[in-house]
Amino acid sequence: MSNYHIKNLEEYYQVYRKSVRNPQSFWEEIAEEHFLWRKRWDKVLDWDFEKPSIKWFEGAKLNITENCIDRHLHIRGNKTAILFEPNDPKEETQHITYRQLYERVCKFANVLKEKGVKKGDRVCIYLPMIPELAISVLACARIGAIHSVVFAGFSSTALATRINDCEAKMVITSDGSYRGAKTIDLKGIVDDALEHCPCVETVLVVKRINVEINMKEGRDQWLQPLLDNAYQDCDPEIMDAEDPLFILYTSGSTGRPKGMMHTTAGYMVYTAYTFKNVFQYREDDIYWCTADIGWITGHSYIVYGPLANGATTVMFEGVPSYPDFGRFWDIVQKHKITQFYTAPTAIRALAKENLDYVTNHDLSSLKVLGTVGEPINEEAWHWYNDHVGAKKSPIVDTWWQTETGGILISPIPFATPTKPTYATLPMPGVQPALMDEDGKEITGNQVDGRLCIKFPWPSMARTIWGDHQRYKDTYFSAYPNHYFTGDGALRDEVGYYRITGRVDDVIIVSGHNLGTAPIEDAINEHPAVAESAIVGFPHDIKGNALYGFIILKETGESRDRDNLGKEVNQQITDRIGPIAKLDKIQFVPGLPKTRSGKIMRRILRKIASKDTSNLGDTSTLLNPEVVEKIMEEAL
Ligand code: WTA
């Protein structure tokens, strides 16, 4: 039996039981056998969920890029590490071998050093899905700089907030990006952001779309000439197991994004282990995850997990609809993809289109299909299973979070029988618990509650950058000695988990986490707006869409509502990004509030989803009459 590669259900249960009985020895064995360490750890795990403090493999020394690149060179030097598929299908695919990846990462790392980046410095990466994105991430890791990738769909304000929060001294960006038939002026967005970021000293610019851009003297530099002059080798910085590897921002219930900080050794071990098992990865596979490296899925399952296993990982620059809705299947056919990992929202969008887009392609190379980011509805699951997987490729519905670093609940293909809409069973080493509202664990099966994890796993975020108290308050205070996920879940009769959705103020739209607070802040900045409340409502493709209830100031009352709505959405686009735009906007005379002044979102959610049969008791509200009024005018 191999702990590292589970092959059937019986083996899963054996491994799982072992992992729970003695997590330390379980992870120690995996760490020992499958990675390259410069020094062994002194202690496998030290933890305290009270503080909270979590340390894995303390005392060990390593560099994650040695594990993801160097150690593969002698056996896989000519194997493709990154297979880059450009936005335009007429542009050539790039095969970057492990040898070439080594050289490009080392050169890039040398450029970073030459520009004064040192171990522990923060580097913000704002790039489209081009090879330089993965390479710059790895170059940071090579020299021990902490990367903070910001998804290149975020606005200049959102980018500035993230740069300032971690005081990045460098930004890596490009002259622009391709997105289907459009181009996006990334450098312009960076320039706007940097008006407000005194900490940034240097901007490195990748040439991608060949347009004239503004280059600020003394600050901005084209990357290529620097790379041309850089040395080919760069000794890896030897890191402590718990040295920070990266910061990645996620939305929270207040306006400020949370910079989740991940460290080196545990993250590496866990992402590599879960990649291998959840995708049943084998040496000759061609694995494709369609996420953007700007999200955790891309960090863990495009870059680190696959490369740590010596895999070929596909990076796709474009969108599923360009040049037509068959693009995903073109790529699957062209590269004989074996594992395909995407988001339910993409599946729902493609399922709406003509089935010929799928059936015109040979998808027989596929072995495993995956989904992530939001619950997958039954209809989408069946469409994926029937038409993409031809009912022979198990679907792994993987549940996890930016905070968890890696997949925590998922079937293991060919081992765990799948069940539509169920993420099924915990990964080895993961100990879920369902809690009731009074903080007691709900035991047994056929129950539902709030999903917590009661024991540390190696890739959990260690803190929120610069705000440990918030980390404690958000994740470790609701249920003492438990990590609280913010999700609700149920456990069926055989112990399978189904994630039912967020129980806090985060709304998942098209698989993207959006906090209501930052969106409301953006809306409230509009001069005609007095107050607003955002809720989610069910949407065919996006899963959830946003419904905004907005109270206007007196000065706004005379304004044209359509125009105001457009301005509000523009305001959101400017402050956060187009992903946070509202699908519906209702101007209201008031918002239902409790006597202590808290907005009753539960009522608004019901109105937005047209489910007003059971609104509950509204008589205790401060302003019950407003509910009637909102219902009358609901969209
Ligand atoms: C949701 C993405 C149901 C969940 C990796 C979680 C899911 C949040 C699933 C984290 C799934 C993610 N089924 N819900 N398979 N996967 N979620 O941080 O609400 O972008 O808390 O990480 O997405 O989103 P994040």
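Residues numbered from 1 in each chain as written. Predicted model: local features only at pLDDT ≥ 70, side-chain atom pairs only at ≥ 80, totals over all residues. Heavy atoms only, no water.

**A short note on the overall build of the protein chain**
Tallying secondary structure elements over the protein chain gives 20 helices and 31 strands in all. Its C-alpha radius of gyration of 24 Å places the protein chain within 12% of the 26 Å reference for a compact globule of 635 residues. C-alpha extents for the protein chain along the principal axes are approximately 75 × 65 × 55 Å. In the protein chain, which comprises 635 residues, the share counted as buried stands at 62%. Taking all contacts inside the protein chain whose residues are at least 6 apart in sequence as the whole, residues at least 24 apart take part in 71%. Within the structure as shown, the protein chain displays about 24,300 Å² of accessible surface, and the carbon and sulfur contribution to it stands at 46%. Charged side chains in the protein chain number 72 positive and 85 negative. The centres of these two groups are separated by 2 Å. (Helix = DSSP H or I, 4+ residues; strand = E, 2+ residues; numbered from the N terminus. Rg over C-alpha atoms; globule rule 2.2 N^0.38 Å. Buried < 20%, exposed > 50% of the residue type's maximum accessible area, 1.4 Å probe, protein only. Contact = heavy atoms within 4.5 Å. Areas by Shrake-Rupley, 256 points an atom, 1.4 Å probe, with all protein chains shown as cover. Lys, Arg positive; Asp, Glu negative; His and termini not counted. Charge placed at Lys NZ, Arg CZ, Asp CG, Glu CD.)

**Structural notes on the site of the ligand**
Among the 17 residues in the neighbourhood of the ligand, the closest are listed as Asp397, Thr398, Thr402, Asp487 and Arg502. Within the contact set of the ligand, a nitrogen atom lies 3.4 Å away from a backbone nitrogen or oxygen of Pro375. Interatomic distance of 2.9 Å between a side-chain N/O atom of Gln401 and an oxygen atom of the ligand. Summarising the interface, the protein chains cover 95% of the accessible area of the ligand, which totals 520 Å² for the free molecule. Elements with a minimum of two residues in the shell around the ligand: α11 (296–308), β20 (395–398) and β26 (497–502). (Near = heavy atom within 4 Å. Polar contact = N/O pair within 3.5 Å; in protein donor to acceptor, adjacent residues only side chain to side chain.)

**Some points on the sheet that holds strand β18 (residues 339–342)**
Sheets are built from strands that pair by backbone hydrogen bonding, the pairs being arranged parallel or antiparallel. The strand order across the open sheet formed by seven strands is β5-β4-β17-β16-β18-β19-β20, and the pairing between neighbours is mixed. Sheet topology places β5 (94–97) and β20 at the edges, where each strand pairs with a single neighbour. In this sheet, adjacent strand axes meet at a mean angle of 20 degrees when their direction is disregarded. (Pairing = 2+ DSSP bridges. Axes fitted to C-alpha atoms, helices over the stretch in contact; angles between N-to-C directions.)

**Things to note about the sheet that holds strand β29 (residues 529–539)**
Reading across from one edge, β29-β30-β31 is the order of the three strands in this open sheet, with mixed pairing throughout. Here the strands that pair on one side only, and so sit at the sheet edges, are β29 and β31 (584–587). For this sheet, the mean angle separating the axes of adjacent strands, direction not counted, is 20 degrees.

**What to know about helix α6 (residues 131–143)**
Relative to the 18 Å expected for 13 residues at 1.5 Å per residue, α6 spans 19 Å between its end C-alpha atoms, a close match to the ideal helical length. Within α6, 13 of the 13 residues are buried, leaving the element largely enclosed by the surrounding structure. Where α6 ends, the next residue or the one after it, Gly144, has phi of about 80 degrees, a positive value. (Expected span 1.5 Å × (residues − 1).)

**Re the pairing of strand β4 (residues 80–85)**
Burial of β4 is extensive: six of the six residues sit out of reach of the surface. Relative to β5, β4 is paired through four bridges, and the arrangement is antiparallel. If you follow Phe84 over to β5, its bridge partner there is Gln94.

**Observations regarding the side chain of His482**
Within the secondary structure, His482 sits in the loop between α16 (468–475) and β25 (483–491). A residue is classified by how much of its surface remains accessible, and His482, at 12% relative accessible area, is buried. Separated by 3.0 Å, the side chain of His482 and the backbone oxygen of Pro480 make a polar contact.

**What about the side chain of Thr93?**
In this structure, Thr93 sits in the loop between β4 and β5. You can call Thr93 buried: its relative accessible area is 15%. At a separation of 3.1 Å, a polar atom in the side chain of Thr93 contacts the side chain of Glu85. Not counting residues up to four positions away in its chain, the partners in contact with Thr93 are Leu83, Phe84, Glu85, Pro86, Lys334 and His335.

**Examining the environment of Ile189**
Inspection of the secondary structure assignment puts Ile189 in helix α8 (residues 186–194). Between the C-alpha atoms of Ile189 and Val388, which are 199 residues apart in sequence, the distance is 37 Å. Ignoring any residue separated from it by four or fewer positions in sequence, one finds Ile189 in contact with Tyr126, Phe154, Ser155, Ser156, Leu159 and Ile184.

**Structural notes on the confidence of the model for the protein chain**
Chain-level statistics for the protein chain give a pLDDT mean of 95 and a share of 99% at 70 or above. Here the predicted complex carries an ipTM of 1.00, next to a pTM of 0.94. (pLDDT = per-residue confidence, 0-100.)

**Focus on unusual backbone geometry**
Both trends apply: most residues other than glycine have a negative phi, and most peptide bonds are in trans. With an omega of -20 degrees, the peptide bond between Lys51 and Pro52 qualifies as cis. Mapping Pro52 onto the fold places it in the loop between β1 (43–48) and β2 (53–58). Looking along the chain, the bond that leaves Tyr322 and enters Pro323 is cis, with omega of -5 degrees. Relative to the helices and strands, Pro323 resides in the loop between β17 (312–316) and α12 (327–335). Phi is positive for Lys336, close to 50 degrees, though the residue is something other than glycine. Inspection of the secondary structure puts Lys336 in the loop between α12 and β18. Take Lys336: its relative accessible area is 59%, and that puts it in the exposed class. In the Ramachandran plot, Ala390 falls in the positive-phi region, its phi being about 45 degrees despite a non-glycine side chain. One can find Ala390 in the loop between α15 (378–388) and β20.

**Regarding the packing of helix α10 (residues 265–278) against α11**
Their axes nearest at 8 Å, the elements α10 and α11 cross at an angle of 90 degrees. Considered as vectors, α10 and α11 are oriented roughly perpendicular to each other. Between α10 and α11, the residues in contact are Tyr267, Thr271, Ala272, Thr274 and Phe275 and His299, Ser300, Tyr301, Tyr304, Gly305, Pro306 and Ala308, respectively. Across the contact of α10 with α11, the residue classes tally to seven nonpolar, five polar and no charged. (Parallel < 35°, antiparallel > 145°, perpendicular 65-115°, else oblique. Nonpolar A, V, L, I, M, F, W, Y, C, P; charged D, E, K, R; others polar.)

**Considerations on the environment of Thr80**
Summarising the element assignment, Thr80 is placed in strand β4. Not counting residues within four places of it along the chain, the set of residues in contact with Thr80 comprises His95, Ile96, Thr97, Tyr98, Ala311 and Thr312. At 3.4 Å, the side chain of Thr80 forms a polar contact with the side chain of His95.

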